[in-house]
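Spelled out, the chains give:
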Amino acid sequence: MTLSSLSMRNAKRQARDYLVYFVTMVMTAALMYSFNGLVFSQEMLNLGKMMEVLPMVVTIASIVVVCIIAWLVQYTTNFMLSRRSRELGTYILIGLENKQVAKMFFRENLIVGGAALIPGLLLGNLLYQGLRALVLSLFGKPFSFTLGFSPKALALTLCYFLLIYLMAQRKSRKRIRSMKIYDLIYFERKNEEAVIQKSSNRKKLSIISIVLGVIGTLLIMAGDLTLGLIGAGLIIAFLYGFFASFASSVPAYFEKHSEKKYQGQTLIVFRSLSAKLAAMGVVMATIALLFTATQISEGAGLIFRAMFESRYEQNSCFDLMISSGTPQEEAMAKGVEFAKERISEEYSREYNIYFREETQNTDVIGSYIAKKGDYYRYYKMDTLMKFSDYAALRKLLGYSEVTLEPGKYLIHCQPYIARILKDWSQTVEAGGSSLEFGGIYTERFAQYLWCVNGHGYILIVPDEIAEASVFSHRVYAAKTPEPMDGFYGELKEQISAVLRAKDYEDHNVDLFLYSRAEDEKETASEIATIVFPLYYLALALTMTAATILTIQQLSEADRYRRQFNLLQKLGMDREDMEKALRKQFAFFYTLPALPSLLISIPFLLNMCGAADSGSLVGASHPLILLGITFALFFFIYAIYIFMAYSTMKRNVLP
Amino acid sequence: MLKVENIEKYYGSANNVTKALDRISFDVADGEFIAIMGSSGSGKTTLLNCISTIDTVSAGKILLDGVDISDLSPKELARFRRERLGFVFQDFNLLDTLTIEENIGLALSLTYTNPRSVQKQVQAMAQKLGITDILNKFPYQVSGGQKQRAACARAMVAGQSLLLADEPTGALDSKASKNLLEILTRMNRDMGGTILMVTHDAYSASYASRVLFLKDGRIFNELLRGNRERTDSYHEILNVLAMMGGDISDVI
C-alpha cells in the first residue's frame, strides 16, 4: 500500500468520523462560492452606483471568514492528531520518517478539503442563484434561474481554500515533525486538572472577570468609538477569565456542598462538564466570543435592514419631490418646469410650508414631544401647511378625505409621535389667531429624515392663517401612476445645467431633490452591501463555533460509552441515563451561549436606540428584531446540537 | 441465596453455534465465598455475566432469593443490580472524572440515598477498607490496589448482598493482590457479604470457601475448603488444575 492510498483511506475515515466538520467545510465552500459569485457578477454591479463597493465589502468579509475557518481547520486537525497519536506513532515505529507522516497527514486533510469543495461548489451555485434572486428582488428586477459556473468565482474560492489549509497546517506540520515515538504511543489522556488551583485566586479571578464584563458592556453601550474598543477588550478579558475560573469553580462548589452532588444525575453531569471545561476553557471562551460576534453581526444586519427599509417606506409616498427654502431658486424652477412638462397636473402639487412664528414659545408641539419622548427638534419652530394643500396631497396619495372646521387645526405626524401626543388638546396661536385642536392623522407623509413636510409632524391650518405666517420652503411633490424610467437622470441633468451656468458649487445650492426610484435603488444597494456580508460572517461564525463544540462532544463518545456501560452495570435506569446525557448536552451547549447573550442583548438594544426615533416600529420593533436575531442563531445552533445529540445517544447509551 | 439451575448459553448464528455454558447448576448460600476457576474460554465470565443480569441465559433458571431473574423487566433488573449486586472488575472500572469518594458515593446516589448521608456512609466504608486518605484523589492519582479497594467499597457501600468479582487481582502485583484478597475475606467474614469471584489464579481461589472448576462450559469439579489451612487448599487447587490440564472432561 502506498502512502498516498493510505492518505486516501484515512481521509475517507476522517470524513466519516468527523461528519459535522466535513459538512461545515461543504457549507463554507458553498457560502464562499456564492458570495464570490456576487463579486464577479457584472449584473450585480450594474444595479446601482453604490453596488461598486460590494466586491470590496465581500472580499473583506471573505478574508475574515478565511481566518475563522483556518482556525477551525487548525483546531480540528490538531484535535485529530491528539486522538490519533498512537496510529501516527505506529507509522514512525515501522520506519516512516516524521516528514513523511507530516506529508501524509497534510495530504489527507487536503483530500478532505477537496472532497468538501465539490459538493460545496454545486451547493454554492444554487446558493448564488438564491442570493441573486434576493438582490434582484430588492431592486425590483425580474429574476430568471440560470445555471452556469463563474470561473473567476471558482478560482477565488479555490484560492481561499488553499489559503485556509496552508494557514491551518503550519502548526500541525511542525508538531508532527518534532514528535517522538514514545510520546505518540504512550499519549494517555489526562484527567481533570484545575487550571487555577488556589481557591482564593479562583474566586478573585471570577469576580474580577465579571466586573470587567459589566464595565466592558457599559463602555460598549456608551456609543463612543474609543470607549467601545476598550469595552470590547474588557469583554474578551471577561470571557477568558470567566471560563478559566468557572471550570475550577464547579469542583470547588461541590467540595463545599457535598450533599448537592449526590442528588439525581448531578454528579455524573457536573464532573464530566468540569473535566471538559478544564481541558477546553480557552476554547470555550473563544467560542463564546464567536457567538457574541455572530449575534452582533446578525442583529446589526437586521437592524440596518429595518432602518434602511423604514427610511424608504416613510419617505416613499411621493415619487418625486423638489424643494427649496429660497423662494425664487432658479434651479428649482427649472426642475419643476421640466417635471411639469412630463407629469400632468393631477398627479402633482406645488405648495409652501410655513413656520408658526411667535416671539416667545416657538415650537410648542416640538418641545412637548421632545420632553415626552425621543425627538430631535430639527426646526426650532412648528411647521404649518395650508389645509387646501393638505387636502390635495391626501387626494394625490389616495388617503381618505378630511375636513377642517374654522378656528381649528389638525396635526399630521408619524405614528410614534401620535402615541406621544395622545393626551394633546392644546390651543395654539398662529397667524394672529387662536386655533383649537381638531385631530391627528398618521399616514405616511414624507416627514422623516429630509423633513419636507415637517420633521415628524406638521400643523394643518386654515389657508389664511398659513398665508399670514412665515415662509419656510417651497415644495413640488408628485405621485405618478407609472414608474418613469430615465426621468430622474434627465431632471438632474437639467438642474445641473442651471447650476453650471450660474457657476454654483453643489453644496451651496438651497435645493432638495428626492426620487423614489433612486431611493429604492440606494436602499437595495445598502442592504446588499452591508446587510448580506454581515449575514455571511454570522453564518460562518456560528458554523465554526458549533462545529468545534460538536467535535469536542462527539470525541468523548468512547469515554461516555464506557461511563454509561458501567452505570448500566451499577443499575442506573435507562431513563436516568438519557436524562444525564440530555443534561450534559444542555449545560455544555448553554455555557458558551449564555455570556454571549448577556453581551449582545444590551449591545443590540443600544444599537436600536441609536436608530432614528420612529424608524424601528411595528414588525421592526427592537424586541422583535432581537427575537428574530436569537431565533435565527438558535435555529442554526439547534441543528448542530440535534446532530450531535442524536449521534451520541445512538452510540453511547447501552 | 442464589440458585443456578441447568443454565445453558449459546452464541453465534444457526450454522455456527458456540456453547458457552452447558447445563450448569449450583447453589450459593448466604455468606459464602465462592471462586469459579477455569482457563480462558471456559465460560466463567459468561456465567458471571448471566448471574449479574448483564447477559441472558439461553435455557435454565437463575433464582435469587427465590425470584427468577429472567422474569424481571429491564427496569426491575436495573433496580435489582443497584440494590443487590456489587461489582469488582479486573480493570477497576472507576469513572476517571470522579474522585474516589464520588466513585464510591455513586452507588449510593443510584439507590436514591439521602444526599446528606452519602458522605458519612462513604467515609465509614472507606475506613473499613483503609482508603480514607485517598478519598479526595482522582483514580489516576492512586495505585491499582487502592483503585480496586475503592471498587470493593463501591460494591458494598449501598448494602448490596452479592458481590461479583471478575478477576479482581488480574491487574495487580502480588502484594496488592494479597491485600485485596484479605479485604475480600474480611468483607465476607465480618460484613456478611456473599462473594462470587471468577479467577484463573489458584492463589486467589485459595481464599474462597468453595471452588468451582469450569471447563468448556461445564462444571468439572468442586472443592470445599472446610477447616483446612489456605495453603493446603492452594495445593489441592493446583492438583485439580493439573488434572484438568489433560482432556479429562471427555472421560467424565
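Residues numbered from 1 in each chain as written. Chains lettered and ligands numbered in written order. Predicted model: local features only at pLDDT ≥ 70, side-chain atom pairs only at ≥ 80, totals over all residues. Heavy atoms only, no water.

Engineer: Honestly, the overall build of chain B in this entry has me stumped. Any pointers?
Structural biologist: Tallying secondary structure elements over chain B gives eight helices and ten strands in all. Taking 2.2 N^0.38 as the reference for a compact globule, 252 residues should give roughly 18 Å; the C-alpha atoms of chain B span a radius of gyration of 18 Å, in line with that estimate. Its C-alpha atoms give chain B principal-axis dimensions of about 60 × 45 × 30 Å. Across the 252 residues of chain B, 52% fall into the buried class. Contacts in chain B between residues far apart in sequence, at least 24 positions, make up 69% of those at least 6 positions apart. Distance between charge centroids for chain B: 5 Å, based on 28 positive and 30 negative side chains. (Helix = DSSP H or I, 4+ residues; strand = E, 2+ residues; numbered from the N terminus. Rg over C-alpha atoms; globule rule 2.2 N^0.38 Å. Buried < 20%, exposed > 50% of the residue type's maximum accessible area, 1.4 Å probe, protein only. Contact = heavy atoms within 4.5 Å. Lys, Arg positive; Asp, Glu negative; His and termini not counted. Charge placed at Lys NZ, Arg CZ, Asp CG, Glu CD.)

Engineer: Please explain the overall build of chain A as it appears in this structure.
Structural biologist: Regarding its fold elements, chain A presents 22 helices and nine strands. Dimensions of chain A, computed from C-alpha atoms along their principal axes, come out at roughly 100 × 60 × 40 Å. Burial analysis of chain A (654 residues in total) assigns 53% to the buried set. Restricting to contacts in chain A with at least 6 residues of sequence separation, those with at least 24 account for 85%. Of the roughly 29700 Å² of accessible surface on chain A, a fraction of 59% belongs to carbon and sulfur atoms. Looking at charge distribution, chain A has the averaged site of its 67 positive side-chain charges lying 19 Å from that of its 59 negative ones. (Areas by Shrake-Rupley, 256 points an atom, 1.4 Å probe, with all protein chains shown as cover.)

Engineer: Help me out: how do you make sense of helix 18 (residues 487-501) of chain A in this one?
Structural biologist: Each turn of an α-helix holds 3.6 residues, which means side chains three or four residues apart point in the same direction. All names here are of chain A. Here helix 18 contains 15 residues, and its C-alpha end-to-end distance of 22 Å stays within 8% of the 21 Å for a straight helix at 1.5 Å per residue. Residues of helix 18 that are buried include every one of Phe487, Tyr488, Leu491, Ile495, Val498 and Leu499, and no others. Along the axis of helix 18, the buried positions cluster into a sector of 110 degrees, meaning they face one direction only. Exposed and facing more than 90 degrees away from the buried side of helix 18 are Arg500 and Ala501. (Expected span 1.5 Å × (residues − 1). Arc of directions from axis to C-beta.)

Engineer: Honestly, the interface of chain B and chain A in this entry has me stumped. Any pointers?
Structural biologist: A common measure of how large an interface is: the accessible area buried when the components associate. Counting from both sides, the interface comprises 27 residues of chain B and, opposite them, 26 residues of chain A. Counting the surface chain B buries against chain A, the share from its top three residues, Thr97(B), Glu102(B) and Pro115(B), is 20%. At the boundary of chain B with chain A, the tally comes to seven salt bridges. Its salt-bridge partner being Glu102(B), residue Arg271(A) comes within 2.7 Å of it at the nearest N-O pair. Inspection of the chain B/chain A interface yields eight residue pairs in polar contact (both at pLDDT 80 or more). Residue assignment for the side of chain B that touches chain A shows that the elements contributing at least two residues are helix 2 (74-84), helix 3 (100-110) and helix 4 (115-129) of chain B. When residues in the side of chain B that touches chain A are grouped by element, the largest group, six residues, is from helix 3 of chain B. By residue class, the composition of the side of chain B that touches chain A is 13 nonpolar, six polar and eight charged. (Buried area = accessible area lost by both parts, 1.4 Å probe. Salt bridge = Lys/Arg side-chain N within 4 Å of Asp/Glu carboxyl O. Polar contact = N/O pair within 3.5 Å; in protein donor to acceptor, adjacent residues only side chain to side chain. Nonpolar A, V, L, I, M, F, W, Y, C, P; charged D, E, K, R; others polar.)

Engineer: Explain the packing of aromatic side chains to me, please; I cannot follow it from the model alone.
Structural biologist: Remark: the centre distance and the inter-plane angle together describe each pair of aromatic rings, the angle taken between the planes. Residues and elements named next belong to chain A. Counting across every chain of the model gives 27 aromatic pairs over all chains. Summarising the aromatic geometry, the rings of tyrosine 409 and phenylalanine 437 are spaced 5.7 Å apart at their centres and angled 55 degrees between planes, so their arrangement reads as tilted. Highlighted residues: tyrosine 409 in strand 4 (residues 408-413) and phenylalanine 437 in strand 6 (residues 433-441), separated in sequence by 28 residues. Judged by relative accessible area, tyrosine 409 falls into the buried class, the value being 0%. Arranged with centres 6.3 Å apart and planes meeting at 50 degrees, the rings of phenylalanine 634 and tyrosine 637 form a pair that is tilted. Linking phenylalanine 634 with tyrosine 637, this pair stays in helix 22 (residues 622-652), spanning three residues, or about one helical turn. Phenylalanine 634 gets classed as partly exposed once you look at its relative accessible area, which sits at 32%. (Phe/Tyr/Trp six-rings, centres within 6.5 Å; stacked < 30°, edge-to-face > 60°.)

Engineer: Explain the domain arrangement of chain A to me, please; I cannot follow it from the model alone.
Structural biologist: As assigned here, chain A comprises domain 1 (1-188), domain 2 (198-317 + 517-654) and domain 3 (318-516). Measuring from the centre of the C-alpha atoms in domain 1 of chain A to the corresponding centre in domain 3 of chain A gives 56 Å. (Domains from an automatic or database assignment.)

Engineer: Help me understand the side chain of Ser34(A) in this model?
Structural biologist: Residue and element names in this part refer to chain A. You can see serine 34 is positioned in helix 2 (residues 19-39). For serine 34, the side chain forms a polar contact with the main-chain oxygen of leucine 31, separated by 2.8 Å. Contacts of serine 34, omitting those with residues within four sequence positions, involve Gly124, Leu127, Tyr128 and Leu131.

Engineer: So what exactly am I meant to see when it comes to the packing of helix 2 of chain A against helix 7 (residues 151-177) of chain A here?
Structural biologist: Helix-helix packing: each pair is described by the crossing angle between the helix axes and the interaxial distance. Residues and elements named next belong to chain A. Axis separation between helix 2 and helix 7 bottoms out at 8 Å; the angle between their running directions is 140 degrees. With respect to their mutual orientation, helix 2 and helix 7 come out oblique. Judged by the twist between their axes, the crossing of helix 2 over helix 7 is right-handed. Judged by residue contacts, Tyr21, Met25, Thr28, Ala29, Met32, Tyr33, Asn36 and Gly37 of helix 2 engage Ala153, Leu154, Leu156, Thr157, Tyr160, Phe161, Ile164 and Tyr165 from helix 7. Considering only residue class, the contact of helix 2 with helix 7 consists of twelve nonpolar, four polar and no charged. (Axes fitted to C-alpha atoms, helices over the stretch in contact; angles between N-to-C directions. Parallel < 35°, antiparallel > 145°, perpendicular 65-115°, else oblique. Left-handed = near helix turned anticlockwise from the far one by under 90°.)

Engineer: What's the story with the pairing of strand 8 (residues 194-199) of chain B in this structure? I'm lost.
Structural biologist: In the case of a regular strand, side chains alternate between the two sheet surfaces. Residue and element names in this part refer to chain B. Across the six residues that make up strand 8, a large majority, six, are buried. Of the two faces of strand 8, the one lined by Thr194, Leu196 and Val198 and the one lined by Ile195, Met197 and Thr199 are each fully buried. Relative to strand 8, strand 7 (residues 162-166) is paired through five bridges, and the arrangement is parallel. By the bridge assignment for strand 8, leucine 162 is matched with threonine 194. (Pairing = 2+ DSSP bridges.)

Engineer: Would you mind going over the environment of Asp173(B) with me for this structure?
Structural biologist: Residue and element names in this part refer to chain B. Relative to the elements of secondary structure, aspartate 173 occurs in the loop between strand 7 and helix 6 (174-189). The spatial distance from the C-alpha of aspartate 173 to the C-alpha of glycine 144 is 8.5 Å, given a sequence separation of 29 residues. Among the polar contacts made by the side chain of aspartate 173, one reaches the main-chain amide nitrogen of lysine 175 at a distance of 3.2 Å.

Engineer: In this structure, what is going on with a positive patch on the surface? I would like to understand it.
Structural biologist: Residues and elements named next belong to chain A. Side chains of Lys99, Lys103, Arg173 and Arg177 sit close together on the surface and give a patch of like positive charge. Those elements giving two or more residues to the positive patch turn out to be helix 6 (98-138) and helix 7. Along the chain, arginine 177 falls in helix 7. (Patch = residues over 30% accessible without salt bridge, like charges linked within 9 Å, V, L, I, M, F, W, Y side chains within 5 Å.)

Engineer: I keep staring at the packing of helix 4 (residues 54-83) of chain A against helix 7 of chain A and nothing clicks. Help me out?
Structural biologist: Residue and element names in this part refer to chain A. Interhelical geometry of helix 4 versus helix 7 gives an angle of 30 degrees and a closest axis separation of 8 Å. With respect to helix 7, the axis of helix 4 lies roughly parallel. For helix 4 against helix 7, the interelement crossing comes out right-handed. From helix 4, Thr59, Ser62, Val66, Cys67, Ile69, Ala70, Val73, Gln74, Thr77, Asn78, Leu81 and Ser82 reach across to helix 7, where they touch Tyr160, Leu163, Ile164, Tyr165, Met167, Ala168, Gln169, Lys171, Ser172, Arg175 and Ile176. Tallied by class, the residues present in the contact of helix 4 with helix 7 amount to 13 nonpolar, eight polar and two charged.

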